[in-house]
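# Fold and geometry: a report
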Amino acid sequence: MTRTSIATVCLSGTLDEKLEAAAAAGFDGVEIFENDLIGSARSPEEIRARVRDLGLTIELYQPFRDAEGAPPARFAAVERRFRAKLDLMARLGAEMILICSSVAPDTIDDDELAAGQLRRLAGMAGARGMRIAYEALAWGRHVSTWEHSWDLVRRADHPALGLCLDSFHVLSRTDAYGEIPGDRVFFLQLADAPRLDMDVLQWSRHHRLFPLQGRLDLAGFTGAVLRAGYRGPLSLEVFNDVFRQSDPHRTAVDARRSLTALTGGLTPAPRLTGIAFAELSVDAGSGPELERFLRTLGFAHTGQHRSKPVQLWEQGTARILLNAGATGAASIRAFALESTDPAASARRAAELLATPLPRRRRSSEADLTAVAAPDGTEVFFCRDDHGWLDDFLPTGESPVKGGLVTGIDHLSLAQPFDRYDEAALFYRTVLGLTEDEASEFAAPYGLIRTLALRNDDRSVRLGLSVPLLRRGDWAPAVPHPQHITFVTDDMAAVAGAMESVDIPGNYYDDLAARLDPPPLPRNALHDQDEHGHYQQLFTPVVGDRVFFEVVERTGGYRGYGFANDPVRMAAHRAHRGAR
Ligand SMILES: O=C(O)c1ccc(O)c(O)c1
Ligand SMILES: [Mg+2]
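Definitions and limits used
- Residues numbered from 1 in each chain as written.
- Chains lettered and ligands numbered in written order.
- Predicted model: local features only at pLDDT ≥ 70, side-chain atom pairs only at ≥ 80, totals over all residues.
- Heavy atoms only, no water.
- 1 Å grid on protein atoms, 1.4 Å probe; cavity = no way out; pocket = protein on both sides within 12 Å on 5 of 7 lines; lining within 4 Å.
- Points joined across faces, edges and corners; volume = space filled by probe spheres on them.
- Helix = DSSP H or I, 4+ residues; strand = E, 2+ residues; numbered from the N terminus.
- Nonpolar A, V, L, I, M, F, W, Y, C, P; charged D, E, K, R; others polar.
- Domains from an automatic or database assignment.
- Contact = heavy atoms within 4.5 Å.
- Buried area = accessible area lost by both parts, 1.4 Å probe.
- Salt bridge = Lys/Arg side-chain N within 4 Å of Asp/Glu carboxyl O.
- Polar contact = N/O pair within 3.5 Å; in protein donor to acceptor, adjacent residues only side chain to side chain.
- Buried < 20%, exposed > 50% of the residue type's maximum accessible area, 1.4 Å probe, protein only.
- Arc of directions from axis to C-beta.

Now for the layout of surface pockets. There is about 850 Å³ of room inside the largest pocket. Forming the boundary of the largest pocket are 34 residues, of which Pro194, Leu209, Tyr420, Asp421 and Arg449 lie nearest the centre. Counting residues per element, the lining of the largest pocket draws most heavily on helix α13 (residues 420-431), at six residues. In terms of residue class, the lining of the largest pocket is built from 17 nonpolar, six polar and 11 charged. Residues from two domains meet in the lining of the largest pocket; each of domain 1 (4-263) and domain 2 (272-578) gives at least three.

Printed below as a string of C-alpha cells:
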C-alpha cells in the first residue's frame, strides 16, 4: 500500500491541531512546514514524540529556499543555514528536506554552479543519513520546470539528491511532462487546481485544491509517476485560502477522501435510478405553508409514517416527506436515492469516509442506510422497489392522476461558503455522479458559483451553489437557499394554479432582445440551449430558506437555467421585502 501524507500547510490551526487532524483522518505521515514548527511552543524533541504517539511519521521537512545559484559570497551563509536545519531534522527525526528552486534576485543563471552547490549540500545531508528532494517552483528564478531540476540533479550526481515532483508546478506549466525517472523521484506532492488565467505564484498560493477537486489531470500524472517506479508517499500539499481557515479535522477528512478517490480500488458506484424522495423538516409555521403549496401543485397527502410525525405527499414519481419531528426551520434535511445495490452504495460511501447515520428502522420499517453529506444533508440509499413506502399508513387520499407535476427534476443545495469543494467532491465521488455544468454569476448580494451533477441517464440531478466569499453581515440575502425542482408538461396550468414570485419587466425586455422566446406564462423565466427550451417558475421562500421550483423542459434542453439565478434571487428578495 502506498503511504499517504499531508503537508501541515493544508490545515488550519496550530501545529498540534494540524497533527491531530492528520492522524484522526488516517494519514500515515506529514510534511512539516517550517512556519508551523517555528510557531510551535513545543521543542523539536516534543514534536517528534507527539508525531510518534499519534502514529504518524515525518515524511519531509520544508521548505529550504534560495540555495542553488547563490553568489559564491552568499553560499557560506546558505551552508550555515542548511547545517542548522539538518541539526533540527535530527532532533525531529526527519530524514528528508525539500529544497525549492531559488527565487532570490541575486541568483546566478549558471547550471554548473547550481549543480555544484546542490552536490555540496547533498554531501552534508548524506553524511548524516539524510536526503534532499529538489523541487522546481513554477516561478523559480532560473529553474522553473521539472526537466530543468532533473538536469541539475543529474549533473550534481549525488545519491542523497533526488527530485521532488509537485503536480501543481508540473501541470500548471504543461500537460506533456514526458518520461519520469521514477527511481530519482524522492518525493511526490499532489495538488489540484482550477484552471485560472493568472500569475502562477498567486494561483499556487491561494487556489490549490485536493486531487479531483480541480481541473488538472491528477489521475494521469500520479499514475505516470507510480508507473515510473516511485515508491514514496503520496503527499498532499495544498495552499488554499479557505482551507487555511476551516476546521482542520474536516479538511483532513476531505483530503483523505480525495486521495482515496484518486488511488481507486473502491467499490464501484452502483447505478442510481432516481430520487426516491426528498424530505423537508418543517415547523408550526412552515408546515402548513408547504402543505398549501404542494396542494396547489396537485400533490396528495397519501401517507402518514407509522412511528414518526412525517407526512408523505405524492404526485407522479415525485415524493415529498414533511417531517415535523425535527428541530429547526424548514430545510431539505434528507433525500433518498434509488440504487440497484443500496448496500454497495453504502459501502462505497464508507470507503470514502462519509459519516454513517443511525439506520432508520423499526420492526416493520424498511432498512434505509444513510450517510451525512458535508452540508449535513442526510443521503439515503434504497431499492427501487418502493419498499420504504410500507413505513407509511395510507391516509385514503390517492395521488392525482394526470396532475400538474410528473416528478422531481433536481434538488438544489446551497453550500456553506467553506464546504463547497468538499461537498462537490463528496457528492461526485460517493454517488458516482459527473459534472454537468458549472457557472459563476453576480447575484444581488455577492458572487455565486454553481455546479450541477448528474448520473448517466439524468434521473438523478443535484445543483450545488455557494457564495464565493463568506457573506457580509449586512446582506439580507436568503442564507443557504435550497429548493426542490419539480418537472411539468404543462407550465401554463402550473402558472395558473401556483403562487409565484413576481419577475420584473426588465427581465422580459432583456429576454426579448436576446432570445425572443415564444410567449411565457406569467412570472415564468426562460432559457434555451442547442437542444431545446426551458421554463421556470418559483414559489416564494417558505421559512428562511426553502422554496419550490417547477420547470418544463422541451426538445431535450439539458441545462438548469443558471443564467436566470440572479433574477430569481432578486425576485425572492423583493418578495420578502414586500411582506
Ligand atoms: O509557494 C511556495 O513557496 C512553495 C514552497 C514549497 C513548495 O513545496 C511549494 O510547492 C511551493
Ligand atoms: Mg511543493
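Here the domain parsing of the protein chain yields domain 1 (4-263) and domain 2 (272-578). Using C-alpha coordinates to define each centre, domain 1 is positioned 43 Å away from domain 2. Tallying the contact residues gives 17 residues for domain 1 and 16 residues for domain 2. The junction of domain 1 with domain 2 conceals about 1,400 Å² of combined surface from both sides, 54% of it contributed by carbon and sulfur atoms. Three residues stand out in domain 1 for area buried against domain 2, namely Val242, Arg250 and Arg257, and they jointly supply 43% of the buried area on that side. For the interface between domain 1 and domain 2, the tally reads two salt bridges. The residue Glu435 makes a salt bridge to Arg215 at a minimum N-O spacing of 2.9 Å. Where domain 1 meets domain 2, there are seven residue pairs in polar contact (both at pLDDT 80 or more). Of the residues belonging to the side of domain 1 that touches domain 2, the class tally is seven nonpolar, five polar and five charged.

Buried within helix α3 (residues 44-53) we find Pro44, Ile47 and Val51. Projected down its long axis, α3 shows its buried positions confined to an angular sector of 55°, all on one face. Set apart from the buried face of α3 by more than 90 degrees, the exposed residues are Arg52 and Asp53. Check the buried side of α3 and you find it contacts α1 (15-24), β2 (29-33), α2 (34-38), β3 (57-64) and α4 (72-92). Following α3 by one or two positions, Gly55 adopts a phi angle in the positive range, close to 80°.

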